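What the coordinates show
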Amino acid sequence: TAPKTWVHYITLKGDVRLRYDQINDDAKYNADKENYTRDRFRLRARLGAEANVDDLKAGMRLSTGGANPLSGNQTMGNAFTKDEIRLDLGYLDYRFFGDTPYALHVIGGKMNNPLITFTDDLMWDPDLTPEGVAAKWQIGNDFVTFLANGEGLYIQQYDTANNATGVGGQGALKFKFTPNVALLVGGYVGAFQNIKGNNVIDWQSANSSYGNSTIPGSVSGGVTNKAWADGFTPVEGFAELDLQVGLPLSFYGQLLTNPSADDNKNGYMGGLSLGKAKNPRTWEVGYNYVKLEKNATLGMFTDDDRFNGNGTDGEGSRF
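Here is what the cut-offs are and how they apply
Residues numbered from 1 in each chain as written. Predicted model: local features only at pLDDT ≥ 70, side-chain atom pairs only at ≥ 80, totals over all residues. Heavy atoms only, no water. Salt bridge = Lys/Arg side-chain N within 4 Å of Asp/Glu carboxyl O. Helix = DSSP H or I, 4+ residues; strand = E, 2+ residues; numbered from the N terminus. Buried < 20%, exposed > 50% of the residue type's maximum accessible area, 1.4 Å probe, protein only. Core = buried A, V, L, I, M, F, W, Y, C linked by side-chain atoms within 4.5 Å. Contact = heavy atoms within 4.5 Å. Polar contact = N/O pair within 3.5 Å; in protein donor to acceptor, adjacent residues only side chain to side chain.

**Quick look at the pattern of salt bridges**
Enumeration according to the criterion identifies 15 salt bridges in this entry. With a closest N to O distance of 3.1 Å, aspartate 305 and arginine 19 form a salt bridge. With aspartate 305 in the loop between strand 16 (284-292) and strand 17 (314-318) and arginine 19 in strand 1 (residues 10-29), the pair connects residues that are 286 residues apart, well separated along the chain. Accessibility expressed as a relative area gives 22% for arginine 19, which makes it partly exposed. Arginine 318 is the partner of aspartate 303 in a salt bridge, and the nearest nitrogen-oxygen pair spans 3.6 Å. With aspartate 303 in the loop between strand 16 and strand 17 and arginine 318 in strand 17, this pair connects stretches of sequence that are 15 residues apart. Exposure remark for aspartate 303: the relative accessible area of 3% places this residue in the buried category. By sharing partners, the salt bridges in this structure join Asp15, Arg44, Arg46 and Asp127 into a single network.

**Considerations on the nonpolar core**
By size, the foremost hydrophobic cluster in this structure holds 33 residues, and its most contacted members are Trp124, Ile155, Phe192, Trp228, Leu298, Met300 and Phe301. Taken together, the elements giving at least two residues each to this core come down to strand 8 (144-156), strand 9 (164-178), strand 10 (181-193), strand 14 (248-257) and strand 16. If sequence neighbours within four positions are ignored, tryptophan 124 has contacts with Asn113, Leu115, Thr117, Glu151, Leu153, Tyr188, Phe192, Phe301, Thr302 and Asp303. Membership of the second largest hydrophobic core comes to five residues, among which are Tyr91, Ile107, Met111 and Ala134.

**Notes on unusual backbone geometry**
Even without a glycine there, the phi angle at asparagine 207 is positive, about 60 degrees. Its place among the elements puts asparagine 207 in the loop between strand 10 and strand 11 (214-220). Despite not being glycine, aspartate 313 shows a phi value in the positive range, around 65 degrees. Locating aspartate 313 in the fold gives a position in the loop between strand 16 and strand 17. On the basis of relative accessible area, aspartate 313 is assigned to the partly exposed category, the value being 47%.

**As for the environment of isoleucine 85**
Structurally, isoleucine 85 can be placed in the loop between strand 4 (74-75) and strand 5 (86-96). A sequence separation of 40 residues divides isoleucine 85 from alanine 45, and the C-alpha atoms of the two residues are 8.9 Å apart. Excluding anything up to four places from it in sequence, isoleucine 85 contacts Leu62, Ser63 and Thr64.

**Topic: the side chain of threonine 302**
Tracing the backbone through its elements, the reader meets threonine 302 in the loop between strand 16 and strand 17. Within the local environment of threonine 302, its side chain forms a polar contact with the backbone oxygen of glycine 299, the two atoms lying 3.0 Å apart. From its side chain, threonine 302 meets the backbone oxygen of glycine 311 in a polar contact 3.1 Å long. In contact with threonine 302, not counting residues within four places along its chain, are Leu70, Leu122, Met123, Trp124, Asp125, Leu292, Thr297, Gly311 and Thr312.

Set out below in structure tokens:
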């Protein structure tokens, strides 16, 4: 047998997506005093690699989207200027107990979200790649599986005593009643440190709180910054029922509350989908409804496609 070379250990991955958006906002008007409408074409291109050696996996990925932590989308139509490519993933994943379904994964770096998330998730944008450490583990049998995920997030460096950080834990049970019927139920508890009273963190440097309530913060350059008025200790419950009816059919929902906020602290999401667009040669159609109050969660991490990127403090339907 020929000895293995680096080719046997490395897997290349990539994708390209083209998308058309039309935004109609009845609360805005254009220069002709007509309702605001915006058409745009968007591109996302990603290229990554994974290397597996024994129980260690190392991964990295490059993506369009510039500095935006929530999206790799690049809006086209800027006189053909070159699009930015930046590091989207860079992580190490060590497996304890071998390469089995019940291995304990300990992950560090800039990684894929280690948590169970949903379409139109109340807390997390699907393209967010958080930084920090995480652990993932599951155990079970043919009928029920217990899943446990934990994370420690390193959000913003100030100094040792005041760095903005986050911790969270998630547990879930997945029941497989028949080959065509499965139910997932679970919950999440998290806490973000050094948020309340500190200046908002905005990657666009526009002093935006992404929907969260604010108070006056520090003054720099003659401008009074916004600071978060509340802390964030989100508590979330979720469920998903999966059926096979010729095509995959899913019903899912989330409930969210933030006990650290005085008011406007809840969120609700429910929806359904038929088909699975990520499967080859198929399609997907779906609907969900979201209501996300101002202080239910940190707006800076929520779905960038929802509420026109405004984070929280909105409600509406998606088809």
